[in-house]
Structures are given as C-alpha cells and as structure tokens.
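Chain residues, written in single-letter form:
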Amino acid sequence: MVTIKSKKEIEYMKEACKVVALTYQELEQKIKPGMTTYELDLIAESTMRKLGAIPAEKGYDIGIRGIPPYPASICVSINDEVIHGIPHKNRIIKEGDIVSIDTVALKNGFHGDAARTFMIGKVSHEAKRLVEVTKQAFFEGIKQAKAGNRLGDICHTIGEYVHSQGYSVVREFQGHGIGKEMHEDPGIPNYGKAGRGIRLEPGMTLAIEPMVIQGKPNILELEDGWTIVTEDGSLAAHYENTILITEKEPEILTIL
Ligand code: MF3
Ligand code: CO
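The shown structure was predicted, so the numbers you read here are calculated from the model rather than taken from an experiment.

Let us now look at the nonpolar core. Core analysis: the biggest nonpolar cluster contains 29 residues, and Leu-206, Ile-208 and Ile-243 have the highest contact counts within it. Looking at this core, the elements with two or more residues in it are helix H3 (125-142), helix H4 (151-164) and strand E9 (205-208). Per-element tally for this core: the top contributor is H3, with seven residues. Filtering out sequence-adjacent residues up to four positions away, Leu-206 remains in contact with His-176, Gly-177, Ile-178, Pro-186, Ile-188, Leu-200, Asn-241, Thr-242, Ile-243 and Ile-245. Met-35, Leu-40, Met-48 and Ile-93 belong to the second largest nonpolar core, which has 21 residues in total.

Contact pair helix H1 (residues 7-30) / helix H2 (residues 37-50): the axes reach a minimum separation of 9 Å and the direction vectors enclose 145°. In this structure, the crossing between H1 and H2 has a hand that is right-handed. Where H1 abuts H2, its residues Val-19, Leu-22, Thr-23, Glu-26, Leu-27 and Lys-30 lie against Leu-40, Ile-43, Ala-44, Thr-47 and Met-48. When grouped by side-chain class, the residues that make up the contact of H1 with H2 number seven nonpolar, two polar and two charged.

Only Asp-113 (OD), His-176 (NE2), Glu-209 (OE) and Glu-240 (OE) from the protein reach the cobalt ion (ligand 2) as donors, at distances of 2.1 to 2.2 Å. Of note is the cobalt ion (ligand 2), whose six donor atoms meet at the metal with angles of 54 to 170° in an arrangement that counts as irregular. Written as a sequence motif, the donor residues of the cobalt ion (ligand 2) are D-x62-H-x32-E-x30-E. Taken together, the positions of Glu-209 in the loop between E9 and strand E10 (211-213) and Glu-240 in the loop between strand E13 (236-238) and strand E14 (241-244) put the pair 31 residues apart, joining distant regions of the chain. Comparing Glu-209 with Glu-240, the two get one shared label, buried.

Before going further, it helps to examine the pattern of salt bridges. Using the criterion set out here, one finds twelve salt bridges in the structure. The partner of Lys-58 in a salt bridge is Glu-45, with the nearest N and O atoms 2.8 Å apart. With Lys-58 in the loop between strand E1 (54-55) and strand E2 (74-78) and Glu-45 in helix H2, the pair connects residues that are 13 residues apart, well separated along the chain. Given the relative accessible area of 39%, Lys-58 is considered partly exposed. A relative accessible area of 15% places Glu-45 in the buried class. Note that Glu-126 is salt-bridged to Arg-129, the shortest N-O span being 3.2 Å. Residue Glu-126 and its partner Arg-129 are both found in helix H3; the two are separated by three residues, about one turn of the helix. Judged by relative accessible area, Arg-129 falls into the partly exposed class, the value being 26%. What you see here is one network of salt bridges that share partners, running through Glu-45, Arg-49 and Lys-58.

Here we take up the site of ligand 1. Lining the immediate environment of ligand 1, one finds 14 residues, of which Glu-57, Asp-102, His-183, Glu-209 and Glu-240 sit closest. Contact between ligand 1 and Asp-113: an oxygen atom at 3.1 Å from a side-chain N or O atom of the residue. In isolation ligand 1 offers 340 Å² of accessible surface; the protein chains occlude 97% of this area. Counted by class, the shell around ligand 1 contains six nonpolar, three polar and five charged residues.

Here Ile-86 is to be found in the loop between strand E3 (81-83) and strand E4 (98-107). Ile-86 gets classed as buried once you look at its relative accessible area, which sits at 15%. Each C-alpha atom of the pair Ile-86 and Tyr-38 lies 8.6 Å from the other, and the pair is 48 residues apart in sequence.

Another point: the packing of H3 against H4. For the pair H3 and H4, the least separation of the axes is 8 Å and the interaxial angle reads 150°. Taken together, H3 and H4 sit at an angle that is classed as roughly antiparallel. The hand of the H3/H4 crossing is right-handed. Judged by residue contacts, Val-133, Gln-136, Ala-137, Glu-140 and Gly-141 of H3 engage Ile-154, Thr-157, Ile-158, Tyr-161 and Val-162 from H4.

Criteria and thresholds
- Residues numbered from 1 in each chain as written.
- Chains lettered and ligands numbered in written order.
- Predicted model: local features only at pLDDT ≥ 70, side-chain atom pairs only at ≥ 80, totals over all residues.
- Heavy atoms only, no water.
- Core = buried A, V, L, I, M, F, W, Y, C linked by side-chain atoms within 4.5 Å.
- Buried < 20%, exposed > 50% of the residue type's maximum accessible area, 1.4 Å probe, protein only.
- Helix = DSSP H or I, 4+ residues; strand = E, 2+ residues; numbered from the N terminus.
- Contact = heavy atoms within 4.5 Å.
- Axes fitted to C-alpha atoms, helices over the stretch in contact; angles between N-to-C directions.
- Left-handed = near helix turned anticlockwise from the far one by under 90°.
- Nonpolar A, V, L, I, M, F, W, Y, C, P; charged D, E, K, R; others polar.
- Donors = N, O, S within 2.8 Å, 3.2 Å for Na, K, Ca; no water.
- Tetrahedral: all angles 85-135°; square planar, octahedral: opposite > 155°, others 65-115°.
- Salt bridge = Lys/Arg side-chain N within 4 Å of Asp/Glu carboxyl O.
- Near = heavy atom within 4 Å.
- Polar contact = N/O pair within 3.5 Å; in protein donor to acceptor, adjacent residues only side chain to side chain.
- Areas by Shrake-Rupley, 256 points an atom, 1.4 Å probe, with all protein chains shown as cover.
- Parallel < 35°, antiparallel > 145°, perpendicular 65-115°, else oblique.

So this is what it looks like as structure tokens:
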C-alpha cells in the first residue's frame, strides 16, 4: 500500500531526513584516507543519536531466512562493492577509493534515507565520471517526479540516462516508498517503461536511489550475507535521497 503523508507526518519526515543530511555533512568533513569503515560507523551513529534519532539500519531484519539482522548504523561499500558493505575495524579507506555510504535515521516514528559516494583524495578520471553520472541519474529521474506523472517515468529516465553514459544499473535492488517503515510501497527500480506504474500524488515520500555499475550489471552476494559486489570487479556507485511529491516540483528532504 502506498501511503500519503499528512501535513504532520511530512513535518516528521522532514526532521528524520534532516538528521540524515547532517550526518552526511559530518561524514564528508571527517572522511580521510587511513580511517577504518568502523570509525565512519561510529561517527554516523553518534551524530544521529545526538540529534535525537536512532540509526535504523542497526538490527534491521530483511526477513529472509539465514540472513542475520544488519549489524551496523551505515552500509559502506568501497570500489567494486555496490551496496550493503558492513563496517569493519580492519577495513581501511585509501586514497583513490570511492566509498558509498547508505544510512537511515528514525525519528518520531519516521524514516529518512540517503546514500552518497565519496571520492577519497585523487580518484581516477573514470571513477569520478561514474560518481558524477550516478548522482546526475538521481537528478534526471526526479525531473519526472511530479504529481500526475507515473512512477515508470522516473524509473525509465534513470535507466536511459545511465545507459546513455555507457554504464549499467543494478536490477536486483531498487528504491522504495518510505515513512513509518524504512521500505514501503512502491518499489522503484532504476529502469522501466515510461507511462507505466502508479500515478504520483502529493504527499508521497519516496527514496530514489540509482545504483550504477561501470561494467556489466551482474552482481554477487558475499558470504557475510550482506555485501553486494560487481561480478566483473568493475566499480560501482550509489546516490540516494528521500523526496516528497508536491503539487509542483518535488522537495528533496535529505539535502540541507
Ligand atoms: N538504506 C538501504 C536502502 O537504501 C537499506 C539498507 S538495508 C540495511 O534502502 F539492512 F542495512 F538496513
Ligand atoms: Co533506500
């Protein structure tokens, strides 16, 4: 069921999303070569808690038998890791890496969700282009995020843009509605047909999240039950914001 948020609920959504934006502000300032992914996790968790929010990924159970609840406050996926990388005390970030972080705050019963890919020091020209295209794919997609348009208009636009740049989109994971639940209807694939899917209405809150691979779209899951990597070892990037559909242009809630 796709939920339409009331005025009050939209205020709560905005608060949760602001926590996520501030968390990325903090991470962007602090992320440096030599740091561990565990340290990034601690920064995110303490920032959220200081702001009266709970890191919603910690303990999150996707409800698939055999997959343990998620153990950390952020997902951190480096280079050929696409999404859901688990922070570790022995995983060190290096100059030239691209580091995708995805995190969710829960405040007043509502969720805010966003992802960023950080470039560490000087990265290759190709890595930089991948990161920029992934971010731009989100902005291309939300040009279609208008009341009266169809969900497929967003999905199609993202997929076409990514392909036009010579890259692939991940097919097995998608964006989603968001609110009282981290993952609500509708699912929002990063590809699809224009003119298809539900009609967008004011009050819908959606997490739009292009996951882009430099090479072939195929992915693998590591034995930890979480980390997703590219099959061909090529680089991947992720960019996500929670948005609000309005009568006019969409509002991006996870950017300050
Ligand atoms: N934040 C992710 C998303 O964008 C979900 C991560 S799964 C979790 O939808 F287990 F880490 F929470
Ligand atoms: Co999401």
